[in-house]
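# Notes for the structure review
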Amino acid sequence: MHRNAVRYVTRTTSAAAGAVATAATSVAAAAVAASIIFSPVADASSRLEGVHADLVRAVQLNQITEEQALKFEAKLAGRILGDA
(Lines give C-alpha, C1' and ligand atoms only; values in the text may rest on other atoms or scores of the structure.)
Protein backbone atom coordinates (compact mmCIF):
# COMPACT_ATOMS: atom_id res chain seq x y z
CA MET A 1 0.00 0.00 0.00
CA HIS A 2 2.84 2.37 0.86
CA ARG A 3 4.44 1.88 -2.57
CA ASN A 4 1.21 2.83 -4.31
CA ALA A 5 1.06 6.04 -2.31
CA VAL A 6 4.63 6.89 -3.28
CA ARG A 7 3.89 6.23 -6.97
CA TYR A 8 0.75 8.37 -6.76
CA VAL A 9 2.63 11.27 -5.18
CA THR A 10 5.44 10.95 -7.70
CA ARG A 11 3.02 10.88 -10.65
CA THR A 12 0.92 13.77 -9.43
CA THR A 13 4.02 15.84 -8.61
CA SER A 14 5.42 15.17 -12.09
CA ALA A 15 2.09 16.06 -13.69
CA ALA A 16 1.88 19.27 -11.69
CA ALA A 17 5.44 20.21 -12.65
CA GLY A 18 4.62 19.58 -16.30
CA ALA A 19 1.51 21.74 -16.06
CA VAL A 20 3.50 24.56 -14.45
CA ALA A 21 6.16 24.33 -17.16
CA THR A 22 3.50 24.41 -19.88
CA ALA A 23 1.84 27.43 -18.29
CA ALA A 24 5.19 29.23 -18.00
CA THR A 25 5.93 28.53 -21.66
CA SER A 26 2.52 29.86 -22.65
CA VAL A 27 3.02 33.01 -20.61
CA ALA A 28 6.46 33.57 -22.13
CA ALA A 29 5.10 33.08 -25.66
CA ALA A 30 2.27 35.52 -24.96
CA ALA A 31 4.74 38.09 -23.65
CA VAL A 32 6.87 37.82 -26.80
CA ALA A 33 3.80 38.09 -29.03
CA ALA A 34 2.57 41.15 -27.12
CA SER A 35 5.95 42.84 -27.42
CA ILE A 36 5.89 42.31 -31.18
CA ILE A 37 2.31 43.44 -31.61
CA PHE A 38 2.66 46.55 -29.47
CA SER A 39 6.10 47.60 -30.69
CA PRO A 40 6.11 50.75 -32.80
CA VAL A 41 6.24 50.33 -36.55
CA ALA A 42 9.57 51.37 -38.03
CA ASP A 43 9.50 54.40 -40.26
CA ALA A 44 10.24 54.06 -43.96
CA SER A 45 13.84 55.29 -43.78
CA SER A 46 14.84 52.83 -41.06
CA ARG A 47 13.13 50.00 -42.94
CA LEU A 48 15.08 50.90 -46.09
CA GLU A 49 18.34 51.06 -44.11
CA GLY A 50 17.65 47.56 -42.81
CA VAL A 51 16.87 46.25 -46.28
CA HIS A 52 20.07 47.82 -47.63
CA ALA A 53 22.18 46.32 -44.84
CA ASP A 54 20.65 42.88 -45.39
CA LEU A 55 21.27 43.04 -49.13
CA VAL A 56 24.87 44.21 -48.69
CA ARG A 57 25.44 41.22 -46.41
CA ALA A 58 23.83 38.86 -48.93
CA VAL A 59 26.14 40.16 -51.65
CA GLN A 60 29.17 39.73 -49.37
CA LEU A 61 28.15 36.12 -48.74
CA ASN A 62 27.72 35.56 -52.51
CA GLN A 63 24.07 34.68 -52.00
CA ILE A 64 22.98 37.19 -54.65
CA THR A 65 24.75 39.40 -57.18
CA GLU A 66 25.13 43.13 -56.77
CA GLU A 67 22.79 43.69 -59.71
CA GLN A 68 20.11 41.53 -58.10
CA ALA A 69 20.51 43.44 -54.84
CA LEU A 70 20.11 46.79 -56.58
CA LYS A 71 16.98 45.69 -58.44
CA PHE A 72 15.44 44.16 -55.35
CA GLU A 73 16.23 47.20 -53.22
CA ALA A 74 14.66 49.51 -55.80
CA LYS A 75 11.57 47.32 -55.94
CA LEU A 76 11.20 47.28 -52.16
CA ALA A 77 11.88 51.01 -51.89
CA GLY A 78 8.98 51.62 -54.24
CA ARG A 79 6.70 49.47 -52.14
CA ILE A 80 7.85 50.84 -48.78
CA LEU A 81 7.73 54.47 -49.86
CA GLY A 82 4.44 53.86 -51.64
CA ASP A 83 2.94 52.65 -48.34
CA ALA A 84 4.25 55.62 -46.37
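Residues numbered from 1 in each chain as written. Predicted model: local features only at pLDDT ≥ 70, side-chain atom pairs only at ≥ 80, totals over all residues. Heavy atoms only, no water.

## Overview of the overall build of the protein chain
When helices and strands are tallied, the protein chain shows three helices and zero strands. Relative to its full complement of 84 residues, the protein chain shows a buried share of 11%. (Helix = DSSP H or I, 4+ residues; strand = E, 2+ residues; numbered from the N terminus. Buried < 20%, exposed > 50% of the residue type's maximum accessible area, 1.4 Å probe, protein only.)

## Let's talk about unusual backbone geometry
Peptide bonds are, in most cases, trans, and in most cases residues other than glycine have a negative phi. Phi at asparagine 62 is positive, roughly 55°, even though this residue is not glycine. For asparagine 62, the location among the structural elements is in the loop between α2 (44–60) and α3 (66–83). For asparagine 62, a relative accessible area of 69% translates into the label exposed.

## Details of α2
Compared with an ideal rise of 1.5 Å per residue, which puts 17 residues at 24 Å, α2 spans 24 Å between its outermost C-alpha atoms and is within 8% of the ideal. If you check which residues of α2 are buried, you get Ala44, Leu48, Val51, Leu55 and Ala58. Buried residues of α2, seen end-on, are gathered within an arc of 85° and therefore sit on one face of the element. Along α2, exposed side chains directed more than 90 degrees from the buried face belong to Glu49 and Gln60. A positive phi of about 55° marks asparagine 62, the residue just after α2. (Expected span 1.5 Å × (residues − 1). Arc of directions from axis to C-beta.)

## Notes on the confidence of the model for the protein chain
Overall, the prediction assigns the protein chain a mean pLDDT of 77, with 51% of residues at 70 or greater. Confidence scores differ between elements of the protein chain, with helix α1 (residues 2–37) showing the lowest mean pLDDT of 64 and α2 the highest of 92. (pLDDT = per-residue confidence, 0-100.)

## Quick notes on the environment of aspartate 43
Structurally, aspartate 43 can be placed in the loop between α1 and α2. According to the relative accessible area criterion, aspartate 43 is partly exposed, its value standing at 46%. At 2.6 Å, the side chain of aspartate 43 forms a polar contact with the side chain of serine 46. (Polar contact = N/O pair within 3.5 Å; in protein donor to acceptor, adjacent residues only side chain to side chain.)

## Details of the nonpolar core
One finds Ala44, Leu48, Val51, Leu55, Ala69, Leu76, Ala77 and Ile80 forming the largest nonpolar core, which totals eight residues. Elements that contribute at least two residues to this core include exactly α2 and α3. (Core = buried A, V, L, I, M, F, W, Y, C linked by side-chain atoms within 4.5 Å.)

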